[in-house]
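Spelled out, the chains give:
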Amino acid sequence: MNIGQASRASGVTAKMIRYYDEIGLVRPSARTESNYREYGDRELNELRFIRRARGLGFSMEEITRLLSLWRDRDRPSREVKAIADKHIADLEARIAEMQAMVGTLRHLSHCCAGDDRPDCPILADLTGGTAPSEPRSKTRRV
């Protein structure tokens, strides 16, 4: 099948398929006489694998390693588990950071009156408490 058909069948855009081909992640099984890429079941499975791994937030480096392990039928599963466990830890750390950001912003928003006064604790926090500098005068000193 051609790249458009592979794209529809795998859910991966043709542009991304070309990119994966360029970086050596997925190689089409053959090329036609007019040099078009041809994709078979193996490549479709790999593209679906990559799409799912991307959906789970794995990095391209992690996906490359996971795809290599998937292709290796003699692999020990502990290597796959180690990659997944590290990814889980990374996700949990990012979640904790985002929850802290939400907490800070929620507190600042609660402290802001949200009225016509110029005082705003949100802006004060973002600037570290410093006031904006005064605009320069447009008159020229002689």
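This section reports on the structure supplied with the text.

The rules behind each value
- Residues numbered from 1 in each chain as written.
- Predicted model: local features only at pLDDT ≥ 70, side-chain atom pairs only at ≥ 80, totals over all residues.
- Heavy atoms only, no water.
- Salt bridge = Lys/Arg side-chain N within 4 Å of Asp/Glu carboxyl O.
- Helix = DSSP H or I, 4+ residues; strand = E, 2+ residues; numbered from the N terminus.
- Buried < 20%, exposed > 50% of the residue type's maximum accessible area, 1.4 Å probe, protein only.
- Phe/Tyr/Trp six-rings, centres within 6.5 Å; stacked < 30°, edge-to-face > 60°.
- Expected span 1.5 Å × (residues − 1).
- Contact = heavy atoms within 4.5 Å.
- Arc of directions from axis to C-beta.
- Polar contact = N/O pair within 3.5 Å; in protein donor to acceptor, adjacent residues only side chain to side chain.
- Axes fitted to C-alpha atoms, helices over the stretch in contact; angles between N-to-C directions.
- Parallel < 35°, antiparallel > 145°, perpendicular 65-115°, else oblique.
- Nonpolar A, V, L, I, M, F, W, Y, C, P; charged D, E, K, R; others polar.

## Quick look at the pattern of salt bridges
Okay, step 1: For the structure on display, the rule yields 10 salt bridges.
Okay, step 2: Taking the shortest distance from any N to any O, the salt bridge between aspartate 85 and lysine 81 comes out at 3.5 Å. Placement of the pair is aspartate 85 and lysine 81 together in helix α5 (residues 77–111), with a separation of 4 residues, close to one helical turn.
Okay, step 3: For aspartate 85, a relative accessible area of 36% translates into the label partly exposed.

## Concerning the packing of aromatic side chains
Each aromatic ring pair is characterised by the separation of its centres together with the angle its planes make.
Okay, step 1: Within this structure, the stated rule accounts for 2 aromatic pairs.
Okay, step 2: Taken together, a centroid distance of 6.0 Å and an interplanar angle of 55 degrees make the contact between tyrosine 19 and tyrosine 20 tilted.
Okay, step 3: Their ring planes at 20 degrees and their centres at 4.9 Å tell us that phenylalanine 49 and tryptophan 70 sit as a pair that is stacked. Of the two residues, phenylalanine 49 is situated in helix α3 (residues 41–55) and tryptophan 70 in helix α4 (residues 60–71); the sequence distance between them amounts to 21 residues.
Okay, step 4: A residue is classified by how much of its surface remains accessible, and phenylalanine 49, at 21% relative accessible area, is partly exposed.

## Overview of α3
Okay, step 1: The terminal C-alpha atoms of α3 lie 21 Å apart, and with 15 residues this matches the ideal 21 Å at 1.5 Å per residue to within 8%.
Okay, step 2: Of all the positions in α3, only Glu43, Leu44, Glu46, Leu47, Ile50 and Ala53 are classed as buried.
Okay, step 3: Contact partners of the buried residues in α3: α1 (3–10), α2 (14–22) and α4.
Okay, step 4: The first or second residue beyond α3 is glycine 57, which carries a positive phi of 85 degrees.

## A look at α1
Okay, step 1: Among the residues of α1, those classed as buried are Ile3, Ala6, Ser7 and Ser10. All buried residues of α1 lie within an arc of 105 degrees about the axis, which places them on one face of the element.
Okay, step 2: In the core, the buried residues of α1 are packed alongside α2, β2 (37–38) and α3.
Okay, step 3: The N-terminus of α1 is capped by asparagine 2, whose side-chain oxygen sits 3.0 Å from the backbone nitrogen of glycine 4.
Okay, step 4: The positive-phi residue at the C-terminal boundary of α1 is glycine 11, with phi of around 85 degrees.

## Observations concerning the packing of α1 against α2
Okay, step 1: In contact at an axis separation of 9 Å, α1 and α2 are set at 105 degrees when each is read in the N-to-C sense. Overall, the two elements α1 and α2 adopt an arrangement that is roughly perpendicular. Contact with α1, carried on its side by Ile3, Ala6, Ser7 and Ser10, involves Ala14, Ile17 and Arg18 of α2 and no other residues of that element.
Okay, step 2: When its residues are assigned to classes, the contact of α1 with α2 shows 4 nonpolar, 2 polar and 1 charged.

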